[in-house]
Amino acid sequence: VLQVPNAALRFEMPFESQPDATGPTDLDPIEPSVWRVRGNGDYERQQLQTGYSDGEFTEIRSGTLAAGDEVIVGYRH
């Protein structure tokens, strides 16, 4: 089962740190999403369909996130 920490689902990228509009622009702001770190150090928002949660981790039922992908769970100023 593919799962992510719940902190990744709660994380909101500060507006000034969000990448330019080069990523998907058709993402639904209400649907669950995470910020995935790409191989070059950039990041992009990935929309997901979630499943069961144990309070710490949540199952990912569909989306482009893959096992081994790094997701952002926090931000340091």
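Asks: Where do I start with the overall build of the protein chain in this structure?
Replies: When you go through the protein chain residue by residue, the secondary structure sums to 1 helix and 5 strands. For the protein chain, the α and β elements follow one another from N to C terminus as β-α-β-β-β-β. Within the protein chain, buried positions represent 26% of all 77 residues. Look at the contacts in the protein chain between residues 6 or more apart in sequence, and 53% of them connect residues 24 or more apart.

Asks: Honestly, the nonpolar core in this entry has me stumped. Any pointers?
Replies: A general trend in soluble globular proteins is that nonpolar side chains are found buried together. If you look at the biggest cluster of nonpolar residues, it comprises 6 residues: Val4, Ala8, Val34, Leu48, Ile60 and Leu65. Excluding residues that lie within four positions of it along the chain, Leu48 makes contacts with Leu9, Glu31, Pro32, Ser33, Val34, Ile60, Ser62 and Leu65.

Asks: What should I look at first to understand the pairing of strand β2 (residues 33–37) in this one?
Replies: Within a regular strand, side chains alternate between the sheet's two faces. Counting buried positions along β2 yields 4 of 5 residues, so the element is predominantly enclosed. Of the strand pairs in this sheet, β2 and strand β3 (residues 43–53) are connected by 5 bridges, and their pairing is antiparallel. Bridge pairing in β3 links Val37 to Tyr43. Hairpin connection, β2 to β3: the antiparallel pair is bridged by 5 residues, and Gly41 has positive phi, about 95 degrees. Here β2 runs beside strand β5 (residues 70–71); their pairing, made up of 2 bridges, is antiparallel. Bridging across to β5, Arg36 finds its partner in Val71.

Asks: Teacher, can you tell me more about the pattern of salt bridges here?
Replies: A pair can form between side chains of opposite charge whenever their charged atoms are brought close. Evaluation of the coordinates by the stated rule reveals 4 salt bridges. Asp69 is the partner of Arg36 in a salt bridge, and the nearest nitrogen-oxygen pair spans 3.2 Å. One end of the pair, Arg36, is in strand β2; the other, Asp69, is in the loop between β4 (57–63) and β5, with 33 residues separating them in the sequence. Among the residues examined, Arg36 registers a relative accessible area of 15% and is labelled buried.

Asks: Any chance you could explain the side chain of Asn6 here in plain terms?
Replies: In this fold, Asn6 is placed in helix α1 (residues 6–10). Within polar-contact distance, the side chain of Asn6 engages the side chain of Thr58 at 2.4 Å. Once you skip the residues sitting within four places of it in the chain, Asn6 turns out to touch Ser53, Gly55, Glu56, Phe57 and Thr58.

Asks: What is the right way to read the sheet that holds β4 from this model?
Replies: Sheets are built from strands paired through backbone hydrogen bonds, the pairs being either parallel or antiparallel. Pairing in this open sheet of 5 strands is antiparallel, and the strands run β1-β4-β3-β2-β5 from one edge to the other. The open sheet has two edge strands with one neighbour each: β1 (3–5) and β5. Direction of pairing for β3 relative to β4: antiparallel, over a ladder of 4 bridges. Paired with Leu48 across the two strands is Gly63, which belongs to β4.

Calculation rules
Residues numbered from 1 in each chain as written. Predicted model: local features only at pLDDT ≥ 70, side-chain atom pairs only at ≥ 80, totals over all residues. Heavy atoms only, no water. Helix = DSSP H or I, 4+ residues; strand = E, 2+ residues; numbered from the N terminus. Buried < 20%, exposed > 50% of the residue type's maximum accessible area, 1.4 Å probe, protein only. Contact = heavy atoms within 4.5 Å. Core = buried A, V, L, I, M, F, W, Y, C linked by side-chain atoms within 4.5 Å. Pairing = 2+ DSSP bridges. Salt bridge = Lys/Arg side-chain N within 4 Å of Asp/Glu carboxyl O. Polar contact = N/O pair within 3.5 Å; in protein donor to acceptor, adjacent residues only side chain to side chain.

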